[in-house]
Amino acid sequence: WEWLRRGPLGIWKGFRSYFRANVVYDFDEDEAVFQDGPHIMGSHPHGIFSLSTWANIVFHKLVPLDYRIATIAQNFQIPFWRDLLLGLGFVDASRETLASLLRQGLSVAIVVGGAEEALDSRPGTNDLTLGARLGFVRLALEHGAALVPIFSFGENELFHQVVPNPPGSLLRELQQKGKD
């Protein structure tokens, strides 16, 4: 799947260029930051489509690790989309799947706020859904995985919610049901 992630015909490089995606490391490139063993890369914010995850984690060799990208199970129920995601190294974001990968020594990337955080995505805000999302920390402790925080500036500036969806609105309730 690596050849697909790196992009036949440079298509993903164009994707990264279009969204002006840059990765800024908080360490020198020659520093030995990533020790042996699995890592959990926790990315924020989700945004509406989580395009920064695609640009900076899926289509860019972010870190010198063998890693998979976690997504909701509903993504694997859509024909052809499922095959593309699997080909790009996506996996189900269930606790069982992530634990299995960590036991195998593979690292995982997860957008911690998930679909809940996507519902709060709008320009000018960075509302993170993190308070109750500590399962990834427990997984890291259980499997001796290092945590790598990732924050993508500008993710929430890419798209507007088509219709306002404040908490308690009918639209928000319908979105919540579709998410579950």
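For the structure itself, look to the data block above.
Residues numbered from 1 in each chain as written. Predicted model: local features only at pLDDT ≥ 70, side-chain atom pairs only at ≥ 80, totals over all residues. Heavy atoms only, no water.

With respect to the packing of helix 5 (residues 95-103) against helix 7 (residues 135-143)
For any two helices packed against each other, the geometry is given by the interaxial angle and the distance between the axes.
So, point 1. Across the interface, helix 5 lies against helix 7 with an axial gap of 10 Å and an inter-helix angle of 30°. Classified by the angle their axes make, helix 5 and helix 7 are roughly parallel. For the pair helix 5 and helix 7, the sense of crossing is right-handed. Contacts between helix 5 and helix 7 involve Arg 95, Leu 98, Ala 99, Leu 102 and Arg 103 on the former and, on the latter, Gly 135, Leu 139, Glu 142 and His 143.
So, point 2. Here the contact of helix 5 with helix 7 is composed, by residue class, of four nonpolar, two polar and three charged. (Axes fitted to C-alpha atoms, helices over the stretch in contact; angles between N-to-C directions. Helix = DSSP H or I, 4+ residues; strand = E, 2+ residues; numbered from the N terminus. Parallel < 35°, antiparallel > 145°, perpendicular 65-115°, else oblique. Left-handed = near helix turned anticlockwise from the far one by under 90°. Contact = heavy atoms within 4.5 Å. Nonpolar A, V, L, I, M, F, W, Y, C, P; charged D, E, K, R; others polar.)

Let's talk about the pattern of salt bridges
So, point 1. Applying the stated rule across the entire model yields three salt bridges.
So, point 2. For Asp 66, the salt bridge goes to Arg 68, with nearest N and O atoms at 2.6 Å.
So, point 3. The exposure class assigned to Arg 68 is buried, which follows from its relative accessible area of 15%.
So, point 4. Its salt-bridge partner being Arg 82, residue Asp 83 comes within 3.3 Å of it at the nearest N-O pair.
So, point 5. Residue classification places Asp 83 among the partly exposed positions, given a relative accessible area of 45%.
So, point 6. Accessibility expressed as a relative area gives 37% for Arg 82, which makes it partly exposed. (Salt bridge = Lys/Arg side-chain N within 4 Å of Asp/Glu carboxyl O. Buried < 20%, exposed > 50% of the residue type's maximum accessible area, 1.4 Å probe, protein only.)

Details of unusual backbone geometry
So, point 1. Even without being glycine, Phe 80 reaches a positive phi, approximately 70°.
So, point 2. The residue Phe 80 is located in the loop between strand 2 (67-71) and helix 4 (81-87) in this model.

Keep in mind that these numbers describe shape and distance, not what the molecule does.
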